Amino acid sequence: MKKILLLSTLLSGYILADGLEYKGNIGFESGYVDHNMEDKRDTQNAVRLEVELKQKMKNDEFVFSGEGIVDLDDKNRRYLNVKDLYYKHNFENSDLLIGRNTRFWGALEFYNHTDTFNTKDWRDDPFDYDAKIGANNIAYTQYFENSELSLITKVHEERQKVQDSESVSNFMPSIYSDNLVTQKDRDRPTLYLKYSGSGEDTQIDYSLIYQNGYDEQRYLAPVGATLQQHAYLVDKVMAYATLVSGSTIYKTELAHTKSDDNKVSDYSQLSLGLEHTLYGVVGKADIGLLAEYYKYKERDDSKFGAKEFGNLFADDVVVGFRYSFNDSEDSDILGGVAVDRDNKEKIISLEYNTRLYNKYKLGLSYQHLSPKEGSLFKELDSVKLDFGYYF
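Residues numbered from 1 in each chain as written. Predicted model: local features only at pLDDT ≥ 70, side-chain atom pairs only at ≥ 80, totals over all residues. Heavy atoms only, no water.

## Re unusual backbone geometry
Glycine aside, residues mostly have negative phi, and peptide bonds are mostly found in the trans state.
Thought 1: The residue Lys344 is not glycine, and still its phi comes out positive at about 65°.
Thought 2: Relative to the helices and strands, Lys344 resides in the loop between β20 (332-340) and β21 (346-356).
Thought 3: Look at Tyr357: it is not a glycine, yet its phi comes out positive at around 55°.
Thought 4: Among the structural elements, Tyr357 can be located in the loop between β21 and β22 (360-370). (Helix = DSSP H or I, 4+ residues; strand = E, 2+ residues; numbered from the N terminus.)

## What to know about the pairing of strand β1 (residues 20-34)
Thought 1: Of the strand pairs in this sheet, β1 and strand β2 (residues 43-56) are connected by 13 bridges, and their pairing is antiparallel. Paired with Ile26 across the strands is Leu49, a residue of β2.
Thought 2: Pairing between β1 and strand β23 (residues 380-390): 10 bridges, direction antiparallel. Its bridge partner being in β23, Ser30 is matched across the sheet by Leu385. (Pairing = 2+ DSSP bridges.)

## Observations concerning the pattern of salt bridges
Thought 1: Within the structure shown, the criterion is met by 24 salt bridges.
Thought 2: A salt bridge links Glu157 to Arg218; the nearest nitrogen and oxygen atoms lie 3.2 Å apart. Placement of Glu157 in the loop between β9 (147-155) and β10 (176-182) and of Arg218 in the loop between β12 (203-214) and β13 (219-223) is noted, with a sequence separation of 61 residues between them.
Thought 3: By relative accessible area, Glu157 is classed as buried at 4%.
Thought 4: The closest approach of N and O atoms between Glu275 and Lys251, which form a salt bridge, is 3.2 Å. Note that Glu275 is positioned in strand β17 (residues 267-282) and Lys251 in strand β16 (residues 248-259), a separation of 24 residues in sequence. (Salt bridge = Lys/Arg side-chain N within 4 Å of Asp/Glu carboxyl O. Buried < 20%, exposed > 50% of the residue type's maximum accessible area, 1.4 Å probe, protein only.)

## Concerning the side chain of Arg123
Thought 1: Mapped onto the elements, Arg123 comes out in the loop between β6 (119-120) and β7 (132-133).
Thought 2: Here Arg123 is in contact with Asn76, Arg77, Tyr79, Lys161, Val162 and Gln163, once residues within four sequence places are set aside. (Contact = heavy atoms within 4.5 Å.)

## Let's talk about the sheet that holds strand β14 (residues 226-231)
Thought 1: Taken in spatial order, the 3 strands of this open sheet run β10-β14-β13, and their pairing is mixed. Two strands lie at the open edges of the sheet, namely β10 and β13, each paired on one side alone. With strand direction ignored, the average angle separating the axes of adjacent strands in the sheet is 40°. (Axes fitted to C-alpha atoms, helices over the stretch in contact; angles between N-to-C directions.)

## A closer look at the packing of aromatic side chains
Thought 1: Applying the stated criterion across every chain, the model contains 21 aromatic pairs.
Thought 2: Relative to Tyr206, the ring of Tyr195 lies with its centre 6.3 Å away and its plane at 40°, an arrangement referred to as tilted. One end of the pair, Tyr195, is in strand β11 (residues 190-198); the other, Tyr206, is in strand β12, and 11 residues separate them in sequence.
Thought 3: Here Tyr195 falls in the partly exposed class, since its relative accessible area comes to 30%.
Thought 4: Aromatic ring contacts, followed pair by pair, group Tyr111, Tyr129, Tyr294 and Phe313 into a single cluster.
Thought 5: For Lys154, the ring lying beneath its charged end belongs to Phe117, and the centroid distance is 5.3 Å. (Phe/Tyr/Trp six-rings, centres within 6.5 Å; stacked < 30°, edge-to-face > 60°. Lys NZ or Arg CZ within 6 Å of the ring centre and 35° of its normal.)

## Section: the side chain of Asp115
Thought 1: Position of Asp115 relative to the elements: it lies in the loop between β5 (94-101) and β6.
Thought 2: Within the structure, Asp115 has its side chain in polar contact with the side chain of Lys132 (distance 2.6 Å).
Thought 3: The residues contacting Asp115, other than those within four sequence positions of it, are Arg103, Phe104, Trp105, Lys120, Tyr129, Lys132 and Glu216. (Polar contact = N/O pair within 3.5 Å; in protein donor to acceptor, adjacent residues only side chain to side chain.)

## Things to note about a nonpolar patch on the surface
Thought 1: On the surface, Tyr22, Ile26, Leu356, Tyr357, Tyr360, Leu364, Leu385, Phe387, Tyr389 and Phe391 cluster together into a nonpolar patch covering about 920 Å² of accessible area.
Thought 2: Of all the secondary structure elements, the ones that give two or more residues to the nonpolar patch are β1, β22 and β23.
Thought 3: The greatest single-element share of the nonpolar patch, amounting to 3 residues, is contributed by β23.
Thought 4: If you trace the backbone, Leu356 turns up in strand β21.
Thought 5: On the basis of relative accessibility, which here comes to 31%, the residue Leu356 falls in the partly exposed class. (Patch = residues over 30% accessible without salt bridge, like charges linked within 9 Å, V, L, I, M, F, W, Y side chains within 5 Å. Areas by Shrake-Rupley, 256 points an atom, 1.4 Å probe, with all protein chains shown as cover.)

## Quick look at the nonpolar core
Thought 1: Residues Trp105, Tyr294 and Phe313 are the most contacted members of the largest nonpolar core, which totals 35 residues.
Thought 2: Listed by contribution, the elements that provide at least two residues to this core are β8 (135-143) and β15 (233-245).
Thought 3: Beyond its immediate chain neighbours, meaning those up to four positions away, Trp105 contacts Asn112, Thr114, Asp115, Thr116, Phe117, Ile152, Tyr192, Lys194, Ile209 and Tyr240.
Thought 4: Listed in part, the 10 residues of the second largest apolar core include Tyr219, Tyr232, Tyr296 and Phe309. (Core = buried A, V, L, I, M, F, W, Y, C linked by side-chain atoms within 4.5 Å.)

Listed below in structure tokens is the structure:
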């Protein structure tokens with residue numbers, strides 16, 4: 001709690017600055033997990049503060065966003081995470097960004113294998129793919145009429161710390177160490193060349209990305225008496241797109257990765273999805289029907305692939321729905337079932353979110369994980385409540 005109060009005090013002076021935009025929230029989260037794992041807690045309770053600041057001047061922007069988490073049960077989950085801290089200068093048809101930030105890439109709803117820029121924040125929630133650690137980078141973006149081209153240089157690979165050993169969200173062996181082994185220097189740059197555009201006559205949005213540097217996924221290997229993550233170099237090409245046709249959105253993500261590590265196989269990934277909306281099914285409410293498919297294919301079965309990386313979306317079909325109440329509280333329900341076609345591994349999720357009195361938000365969620373035999377993950381059922389005040 002002291003860390004959250006310190007962050008609030010440090011930011012309070014900036015909120016009074018001229019021309020400063022700010023928003024944030026402070027809230028409480030509480031969860032219960034039904035499981036049969038020994039020496040693991042079945043509850044998790046935490047206080048969270050999130051703040052975003054943006055100082056705009058004539059051609060310049062200073063941006064900060066960060067969060068502080070104080071878990072009442074887990075000492076490893078008491079920390080500050082600076083997600084964004086960067087300066088951006090806007091030219092006539094381009095901009096230059098220097099600093100630390102988070103990016104969100106991809107088109108599908110439940111999982112994005114093209115979202116490779118940031119390291120995932122396992123201390124927050126290893127099953128929330130939007131939980132990220134900020135990345136240090138320099139990015140130059142040139143804007144055209146219906147497209148843009150970005151050259152991004154990311155420097156420094158972040159470690160993935162985990163929740164404490166009594167948390168069910170810590171699925172690592174007891175000898176796991178968060179020290180990171182890198183194929184080259186840890187500050188070896190990772191380069192991204194990203195082109196994004198939209199159609200003039202059709203409702204299509206797309207991105208093409210080339211990546212050279214460290215891969216987003218890592219493998220575990222012994223180092224002395226510990227088990228540590230190893231980051232390896234790749235050449236990767238990716239693409240994702242969405243196409244709107246009437247009441248249906250078609251989505252796809254593609255990637256091919258050439259590994260520079262002789263332990264890791266080259267691999268390809270494919271995702272296909274659609275979302276069809278039925279309007280006014282009950283009064284003002286709409287329902288979106290979702291179907292998605294994910295495939296991870298390694299080129300050499302004798303090397304590390306989806307199984308060794310613990311990839312939960314190796315050959316999966318997902319069906320789900322989004323129920324939008326279209327009320328003044330922006331209430332909605334999102335649910336889905338993911339099933340691995342090969343080993344029948346299953347994930348069921350259900351989320352409900354709504355606003356209360358404009359300034360408060362309430363979220364309720366349920367998740368069931370039924371992993372394959374021998375997996376690092378264990379079978380569990382979890383329920384979670386989030387309640388926060390937004391300013």
